[in-house]
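Given next are the chains, with one letter for each unit.
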Amino acid sequence: MLKIILPTIMLLPLTILSPHKHLWTNTTTHSLLIATISLQWLVPTYYPSKGLTHWTSVDQISSPLLVLSCWLLPLMLMASQNHLEQEPTVRKRMFISTVITVQPFILLAFSASELMLFYIAFEATLIPTLILITRWGNQPERLNAGIYLLFYTLASSLPLLITILHLHNQIGTLYFPMLKLSHPTMNNSWTGLVSSLALLLAFMVKSPLYGLHLWLPKAHVEAPIAGSMLLAALFLKLGGYGIMRVTILVDPSTNNLHYPFITLALWGAVMTSAICLRQIDLKSLIAYSSVSHMGLVIAATMIQTQWAFSGAMILMISHGLTSSMLFCLANTNYERTHSRILLLTRGLQPLLPLMATWWLLANLTNMALPPTTNLMAELTIVVALFNWSPLTIILTGTTIVLTASYTLHMLITTQRGALPSHITSIQNSSTREHLLMALHMIPMILLIFKPELISGIPM
């Protein structure tokens, strides 16, 4: 564990001490090196927990997420290069170090074997993200978005802290391998109900459940590209991962706690897909689409079957790569036209034909075209939910149809149609951008051939 966390922390002195000429090269290559080393977590072992120390343990649920978070750091740095070009060197260093500071906390949160440490890391990721949004966002509304993010997360996670302390009082330990051995402590009393609600609610806000999702479109629209990628690809996954982790403590089906969550998640998936159809803002559309995808994940983790867990796991990873890539594409459009409105950026295919290819690929994976892992995950989740109650097929089916329609709507509006008259000259797409898209796309294509790496089943 330390052989990943220590080099990640050592990126900070590298950022501060690198000469201006080699700043981007050094940080990007170093973080790519860390990402390659992190692939060793995917090696199958006989034991359930790899690297089991007093404070970390990497098991089947956390290893794909850990590798994903290491993989996205160099991509975030590559995506941010263009819009920081005009800034002085000191600000560049500040930006890179802010992005890097999030990384150790995310790694800690995904690999903590102790509930309290998990809570601390889970909350500490909020601060650098808040700095990213409120300092490097594009519009003055970014302060409003930062306040939304901060208060939603804080209001939901204070009950979580109290519940964790209460649990520690009751059980005497918060160590995950020990908790797996002891029987679920939540009983049907009033206290048990409230504490299980508190445990689940914090993660429901983080991986936005429909109704608690209002901070997400705001934060995504106002964040710089690195902040958007971070939020879409890793923060939402923290919520899903947290739900998977606390379900060994809370069995929602004993006190019927899973009904409101599944209902809200599936209804929210339908509603946010419908909202996507009438969005005028490109980044907002992608943000709402990730709410709808995470709704499926929440519904799956709530019914707690093997199929549902592995489907949720695969969907989290593939959605992380897909939506991150969509945000990068939206950002390349934004850097050229300085507008996120769909109507003002249409007809770009004849101007940037190679970018249109990346748009097509990203949109096809987003709407779960076979044989992508997105399709595999959605099918597993739909089948597991159908097994739980046949009525859910109405909601999930509507969601899938609407997903396909808004994805095609996004593709057609950005790539086809008449070119708006105000676009006279446009920059060519750079090698850096193509490399960025390729590094998002290649893992997705490779995972089609071996999806059991990310399926969360014990290898």
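Note that the structure is a prediction, hence the values are computed from the model and not measured.

Taking the numbering used here, the UniProt-annotated feature "domain: NADH:ubiquinone oxidoreductase chain 4 N-terminal" (unreviewed entry) corresponds to residues 1-108. A helix fraction of 66% and a strand fraction of 0% characterise residues 1-108, whose end C-alpha atoms lie 9 Å from each other.

This part covers the UniProt feature "transmembrane region" (unreviewed entry) in the protein. In the UniProt entry, the feature "transmembrane region" (unreviewed entry) is given for residues 145-167, 187-205, 225-244, 256-277, 284-303, 309-329, 341-361 and 381-412. Between the C-alpha atoms that bound residues 145-167 the distance is 33 Å, and the span itself is 100% helix and 0% strand. Helix makes up 100% of residues 225-244 and strand 0%. Its end C-alpha atoms lie 28 Å apart.

Moving on, we come to the packing of helix H13 (residues 282-303) against helix H16 (residues 373-388). A pair of packed helices is characterised by two quantities: the angle between their axes and the separation of those axes. Where H13 contacts H16, the two axes come as close as 10 Å, and the packing angle between them is 45°. Judged on the interaxial angle alone, H16 and H13 are oblique. Two packed elements cross with a definite hand, and for H13 against H16 that hand is left-handed. Where H13 approaches H16, its residues His293, Leu296, Ala299, Ala300 and Ile303 are matched on the opposing element by Glu378, Ile381, Ala384, Leu385 and Trp388. Its residues placed into classes, the contact of H13 with H16 shows eight nonpolar, one polar and one charged.

Attention now moves to the packing of helix H11 (residues 225-246) against H13. In contact at an axis separation of 10 Å, H11 and H13 are set at 15° when each is read in the N-to-C sense. Judged on the interaxial angle alone, H13 and H11 are roughly parallel. Of the two possible hands of crossing, H11 and H13 adopt the one that is right-handed. Residues Ser228, Leu236, Lys237, Ile243 and Met244 of H11 pack against Lys283, Ser290, Met294, Ile298, Thr301 and Met302 of H13. The residue makeup of the contact of H11 with H13, split by class, is six nonpolar, three polar and two charged.

Looking at where isoleucine 133 falls in the secondary structure, it is placed in helix H6 (residues 126-136). Sequence-wise, isoleucine 133 and glutamate 222 are 89 residues apart; in three dimensions their C-alpha atoms are separated by 6.6 Å. In this view, isoleucine 133 contacts Arg142, Ala145, Gly146, Leu149, Ala219, Ala223, Pro224 and Leu231; residues no more than four positions away in its chain are not counted.

This part is about a nonpolar patch on the surface. Judged by side-chain polarity, Leu2, Leu6, Ile9 and Trp55 come together as a nonpolar surface patch covering roughly 340 Å² of accessible area. Looking at the secondary structure, you find isoleucine 9 in helix H1 (residues 2-17). Look at isoleucine 9 and you get partly exposed, because its relative accessible area is 35%.

Overall, the coordinates contain eight aromatic pairs when judged by the stated rule. Relative to tyrosine 241, the ring of phenylalanine 110 has its centre 5.2 Å away and its plane inclined at 85°; by these criteria the two rings are edge-to-face. Highlighted residues: phenylalanine 110 in helix H4 (residues 89-111) and tyrosine 241 in helix H11, separated in sequence by 131 residues. Joined through ring pairs, the aromatic side chains of Phe110, Phe118, Phe122, Phe203 and Tyr241 make up one cluster. Here the guanidinium or amino end of lysine 206 rests over the ring plane of phenylalanine 122, the centre of that ring lying 5.3 Å away. The aromatic ring of phenylalanine 176 is capped on one face by arginine 245, whose charged end is 5.4 Å from the ring centroid.

On to the pattern of salt bridges. If you walk through the whole model with that rule in mind, you get seven salt bridges. For lysine 180, the salt bridge identified is with aspartate 59, shortest N-O distance 3.8 Å. Of this pair, lysine 180 sits in helix H8 (residues 176-181) while aspartate 59 sits in the loop between helix H2 (23-38) and helix H3 (62-80), and the two are 121 residues apart along the sequence. Residue lysine 180 is classed as partly exposed on the basis of its relative accessible area, which comes to 46%. For glutamate 433, the salt bridge is made with arginine 336, and the minimal N-O distance between the two is 2.9 Å.

By secondary structure assignment, the location of threonine 8 is in helix H1. A polar side-chain atom of threonine 8 sits 2.5 Å from the main-chain carbonyl oxygen of isoleucine 4. Beyond its immediate chain neighbours, meaning those up to four positions away, threonine 8 contacts Ile34, Ile100, Gln103, Pro104 and Leu107.

Moving on, we come to unusual backbone geometry. Following proline 370, the chain continues to proline 371 via a peptide bond in cis, the omega torsion being 5°. Even without glycine at this site, histidine 338 takes up a positive phi of about 55°. Within the element layout of this structure, histidine 338 appears in the loop between helix H14 (306-337) and helix H15 (353-366). Looking at histidine 338, the relative accessible area reads 60%, which means it is exposed. Although it is not a glycine, alanine 368 sits at a positive phi angle of roughly 60°. Residue placement: alanine 368 occurs in the loop between H15 and H16.

Another aspect to go through is the environment of phenylalanine 261. Residue position: phenylalanine 261 is located in helix H12 (residues 258-277). Counting along the chain gives 38 residues from phenylalanine 261 to alanine 299, while the straight-line C-alpha distance between them is 7.0 Å. With residues near it in sequence (within four places) discarded, phenylalanine 261 still touches Leu197, Leu200, Leu201, Met204, Leu209 and Met302.

Calculation criteria
Residues numbered from 1 in each chain as written. Predicted model: local features only at pLDDT ≥ 70, side-chain atom pairs only at ≥ 80, totals over all residues. Heavy atoms only, no water. UniProt positions renumbered as here; feature names shortened; annotations may be inferred. Helix = DSSP H or I, 4+ residues; strand = E, 2+ residues; numbered from the N terminus. Axes fitted to C-alpha atoms, helices over the stretch in contact; angles between N-to-C directions. Parallel < 35°, antiparallel > 145°, perpendicular 65-115°, else oblique. Left-handed = near helix turned anticlockwise from the far one by under 90°. Contact = heavy atoms within 4.5 Å. Nonpolar A, V, L, I, M, F, W, Y, C, P; charged D, E, K, R; others polar. Patch = residues over 30% accessible without salt bridge, like charges linked within 9 Å, V, L, I, M, F, W, Y side chains within 5 Å. Areas by Shrake-Rupley, 256 points an atom, 1.4 Å probe, with all protein chains shown as cover. Salt bridge = Lys/Arg side-chain N within 4 Å of Asp/Glu carboxyl O. Buried < 20%, exposed > 50% of the residue type's maximum accessible area, 1.4 Å probe, protein only. Phe/Tyr/Trp six-rings, centres within 6.5 Å; stacked < 30°, edge-to-face > 60°. Lys NZ or Arg CZ within 6 Å of the ring centre and 35° of its normal. Polar contact = N/O pair within 3.5 Å; in protein donor to acceptor, adjacent residues only side chain to side chain.

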